[in-house]
Amino acid sequence: MKILSAITAFIYYLLAILGLPYGDCNTIYTPHGNLFVESRSDIFCPSDEVWENGAEYPSVICLANNGDKNGTLLATFEVFDKGQTKFRIMESFDKGDTWSEIAVVTEKFNPDLQAAWQPCLFELPEAMGDYAKGSIILGEVSLDDGCKSKTQLSLFVSEDCGKTWEEISVIDEAGGVEEGIWEPWFVYENGTLYCFYSDDSDPIHSQTIVYKSSTDLINWSEKVPVVVNENPDDRPGMPVVTKMGNGKYYLAYELLTNGDNKPCRYKISDSISEWDVDDQGTEIIAFRNRDLHSSPICLWIPEGGKNGTLIVNAKYGNKGHNELFVSYDYGETYSVIISPFKYSDARGFGYSPSMIYSEADKAIYYANSVDYKDGLSKIQFVRLSFNNRQFQC
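Residues numbered from 1 in each chain as written. Predicted model: local features only at pLDDT ≥ 70, side-chain atom pairs only at ≥ 80, totals over all residues. Heavy atoms only, no water.

A few words on the overall build of the protein. When helices and strands are tallied, the protein shows one helix and 28 strands. Counting over 393 residues, the protein shows a buried share of 59%. Taken as a whole, the protein presents about 16,200 Å² of accessible surface, with 49% of it coming from carbon and sulfur. (Helix = DSSP H or I, 4+ residues; strand = E, 2+ residues; numbered from the N terminus. Buried < 20%, exposed > 50% of the residue type's maximum accessible area, 1.4 Å probe, protein only. Areas by Shrake-Rupley, 256 points an atom, 1.4 Å probe, with all protein chains shown as cover.)

Quick look at the structure:
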């Protein structure tokens, strides 16, 4: 029996090395140890009053700077119900096994706008301005009815672990759907908060990726270019950033050209504030020409190989849409492993997943939009670890 188990494990190892994803809903085999699904739960299931696709674009954080609240999970997502866009704030005290709603966030500054799209949660690791260490911020895109003339990157803060929220600043504002600003992503480094986002307002380029920075959450710098493609019709967007174990920053983003969804790309920088705009990015390609398309997420964790593991996911790839890419050499090469999520090809499903690592729990917390019923998507959550406690389907 032990010999059979050893042979089976060796076969799984070879499949992972060859970039042939293998696994099931319990176990994800990788070249450097296996990931186990410890828990699977629904953060939010839409009702009949929810508009169109249901819920999508989740954002999850695990509190680490809030004393006895540490370990609490907070989540939010896009949803349009009862005639209004809003962000529900969900909370879990049991590592994601169960969830409850604790707040709803809506646009406050401008009565002509609604808090609508692309939320991003973030916990402050240090005090900034008037806001204490552990304060929770939420960045999102507010827009007018039909997104005809105005988009606004709004910043909200909660000083009670997500129960109440105050809108405190506008990071940037621009025109409507053809000239808007989208998809905020936060990175903190040495007293400065960086907000990376997609920018349609450039008069020459269809879309670029830029960042603004702040040391107090109120006052924001001028825009700094990060990704500017030579082809003005290119649309690099949906930026996400993770800091790797070698101290470098890995930026992943999607790319559209004349409506064609190209493979996701990445750039690497020694400094979060300095990016080579002449660098046109490198396609994220795995063995046998597997690639990823649309709304990527990236995360570096210390588990796995001697250099840790870089994990990249997106809505779909050219070989399917239930795969994760993993790299053990800081993005030089990629293997392919199975994703714990399965979803259909409908527009909102699998759109912009969220993935974080809890150092305290040695676990990956991962949320995505998946099939629910009647064409609607729900927000599902899984907890992954490298240990042997397995969740039974």
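Text resumes after the structure shown.
The next subject is the environment of Ile 89. Here Ile 89 is to be found in strand S5 (residues 84-92). Sequence-wise, Ile 89 and Ala 103 are 14 residues apart; in three dimensions their C-alpha atoms are separated by 5.0 Å. Sequence-distant contacts of Ile 89, defined by excluding residues within four places in its chain, comprise Ala 75, Thr 76, Ser 100, Glu 101, Ile 102, Ala 103, Val 105, Gly 162 and Trp 165. (Contact = heavy atoms within 4.5 Å.)

Turning our eyes to something else, we now look at unusual backbone geometry. Non-glycine residue Leu 217 carries a positive phi angle of around 70 degrees. Here Leu 217 lies in the loop between strand S13 (208-214) and strand S14 (224-227). Here Leu 217 falls in the buried class, since its relative accessible area comes to 0%. A positive phi is found at Asn 289, a non-glycine position, where the angle reads about 60 degrees. With respect to the helices and strands, Asn 289 occurs in the loop between strand S19 (285-286) and strand S20 (290-293). By relative accessible area, which is 57% here, Asn 289 ends up exposed.

Moving on, we come to the sheet that holds strand S25 (residues 335-338). Reading across from one edge, S21-S22-S24-S25 is the order of the four strands in this open sheet, with antiparallel pairing throughout. Here the strands that pair on one side only, and so sit at the sheet edges, are strand S21 (297-305) and S25. Between one strand and the next, the sheet's axes are offset by a mean angle of 35 degrees, whatever the strand orientation. Note: S21 against strand S22 (residues 308-313), six bridges, orientation antiparallel. The partner of Ile 297 across the bridge, within S22, is Asn 313. (Pairing = 2+ DSSP bridges. Axes fitted to C-alpha atoms, helices over the stretch in contact; angles between N-to-C directions.)

Glancing now at the pairing of S22. Moving residue by residue along a regular strand, the side chains alternate between the two faces of the sheet. Most of S22 sits out of view: six of its six residues are buried. Across the two faces of S22 the burial is the same, with Gly 308, Leu 310 and Val 312 and Thr 309, Ile 311 and Asn 313 all buried. Between S21 and S22, which pair antiparallel and follow one another directly, the connecting turn spans two residues. Pairing of S22 with strand S24 (residues 323-327), which is carried by three bridges, proceeds in the antiparallel orientation. Pairing of Leu 310 across the sheet is with Ser 327, part of S24.

The subject of this paragraph is the packing of aromatic side chains. Within the structure shown, the criterion is met by 13 aromatic pairs. Ring centres 6.2 Å apart and planes at 85 degrees place the aromatic pair Phe 196 and Trp 275 in the edge-to-face group. Separated by 79 residues along the polypeptide, Phe 196 in strand S12 (residues 192-199) and Trp 275 in the loop between strand S17 (260-269) and strand S18 (282-283) bring together distant segments of the chain. We classify Trp 275 as buried; its relative accessible area is 10%. A centroid spacing of 6.3 Å and a plane angle of 65 degrees characterise the contact between Tyr 266 and Tyr 334, whose relative ring orientation is edge-to-face. Taken as a pair, Tyr 266 in strand S17 and Tyr 334 in the loop between S24 and S25 lie far apart in primary sequence, 68 residues in all. Taking relative accessible area as the criterion, Tyr 266 reaches 10% and is therefore assigned buried. Aromatic ring contacts, followed pair by pair, group Tyr 194, Phe 196, Tyr 211 and Trp 275 into a single cluster. (Phe/Tyr/Trp six-rings, centres within 6.5 Å; stacked < 30°, edge-to-face > 60°.)

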